[in-house]
Amino acid sequence: LEACVRAMFSYDPLATLTAFAGPVTALSAADDETGSRAKALAAVSAARIAVGREAIVQIPFRHDGHNLMRYRPSEVAGAIAAFGARAGAAASADPRDHG
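Fair warning: this is a prediction, and the values are worked out from it, not measured in the lab. Sequence order as written defines residue numbering, which begins from 1 separately in each chain. Thresholds applied to this predicted model are a pLDDT of at least 70 for local features of residues and 80 or more for the giving and counting of side-chain atom pairs; totals over whole chains, interfaces and linings are not thresholded and use all residues. Excluded from the side-chain calculations are hydrogens and water; all other atoms, namely the structure's heavy atoms, are used.

Observations regarding helix α3 (residues 36-50)
The helix count covers DSSP runs of H or I at least four residues long, the strand count covers runs of E at least two residues long, and both are numbered beginning at the N terminus. By definition here, a helix of n residues has an expected span of 1.5 Å times n minus one. Here α3 is 15 residues long and its end C-alpha atoms lie 21 Å apart, about the 21 Å a rise of 1.5 Å per residue gives. The inward-facing, buried residues of α3 contact α2 (13-19), β1 (25-28) and β2 (57-60). Looking one or two places after α3, you find G52, whose phi comes out positive at around 85°. What makes two residues a contact is simply this: any of their non-hydrogen atoms within 4.5 Å.

Some points on the nonpolar core
Within soluble globular proteins, side chains that are nonpolar tend to cluster in buried spots. Formed by L17, V24, A26, L41, V44 and I56, the largest nonpolar core amounts to six residues. Here V44 is in contact with P13, L14, L17, T18 and I56, once residues within four sequence places are set aside. Among buried residues, those of type Ala, Val, Leu, Ile, Met, Phe, Trp, Tyr and Cys that are joined through side-chain atoms within 4.5 Å constitute a nonpolar core. Under the scheme applied here, a residue whose accessible area is under 20% of the maximum for its type counts as buried, over 50% as exposed, and between as partly exposed, the area being computed with a 1.4 Å probe on protein chains only.

Focus on the pairing of β1
Along β1, the buried face is formed by A26 and S28; none of T25 and L27, which line the opposite face, is buried. With four bridges connecting them, β1 and β2 associate as parallel partners. Opposite S28, over in β2, you have P60 as the bridge partner. If the strands point away from the viewer and the path from the first strand over the helix to the second runs clockwise, then the crossover is right-handed. The parallel pair β1 and β2 is bridged by α3, and the resulting crossover is right-handed. For two strands to be treated as a pair, DSSP must find at least two bridges joining them.

Notes on the environment of E75
Summarising the element assignment, E75 is placed in helix α5 (residues 73-93). Overall, E75 belongs to the partly exposed group, its relative accessible area being 34%. As for E75 and R53, which are separated by 22 residues in sequence, their C-alpha atoms are 26 Å apart.

Concerning the environment of S36
If you trace the backbone, S36 turns up in helix α3. According to the relative accessible area criterion, S36 is partly exposed, its value standing at 33%. Polar contact is defined as a pair of N or O atoms within 3.5 Å, subject to the rule that within protein one atom must be able to donate a hydrogen and the other to accept it, and that residues adjacent in sequence are counted only when both atoms are side-chain atoms. For S36, the side chain forms a polar contact with the side chain of D32, separated by 2.5 Å.

Comments concerning the confidence of the model for the protein chain
Each residue carries a pLDDT score, the predictor's confidence in it, ranging from 0 to 100. Summary statistics for the protein chain give a mean pLDDT of 88 and a share of 93% for residues scoring 70 or more. Within the protein chain, α5 has the poorest average pLDDT of any element, 85, and α3 the best, 95.

Remarks on the side chain of S45
Mapping S45 onto the fold places it in helix α3. Excluding residues that lie within four positions of it along the chain, S45 makes contacts with A55 and I56.

Observations concerning the pattern of salt bridges
A pair is scored as a salt bridge if a Lys or Arg side-chain nitrogen falls within 4 Å of a carboxyl oxygen belonging to Asp or Glu. The tally for this structure, following the rule as stated, stands at five salt bridges. Across the pair D31 and R37 runs a salt bridge whose closest N-O atoms are separated by 3.6 Å. Overall, the relative accessible area of 30% leaves D31 in the partly exposed class. The partner of R86 in a salt bridge is E54, with the nearest N and O atoms 2.9 Å apart. One end of the pair, R86, is in helix α5; the other, E54, is in the loop between α3 and β2, with 32 residues separating them in the sequence. Note on R86: relative accessible area 26%, which makes it partly exposed. A relative accessible area of 39% places E54 in the partly exposed class.

Below is the structure:
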């Protein structure tokens, strides 16, 4: 349990998501009063663009809580399917995949 908590608090989304070359989709639940999560997501997306990566595709659920699978299972499943199709198309378009 200690290692799990340590990993959660040591995770650096900016460093991790700018280093990751693949597509990223964020399903975001309702934000706080200051919009801090949306601002943080926008900052990471801008940082990805600055290093030549794709922007983060955001799918907002502004009126739902953190448990989106509970409140919006069809929409979450659809977003996962769309992400898979997008990631698959990107992989197929990669010339390294064609020898």
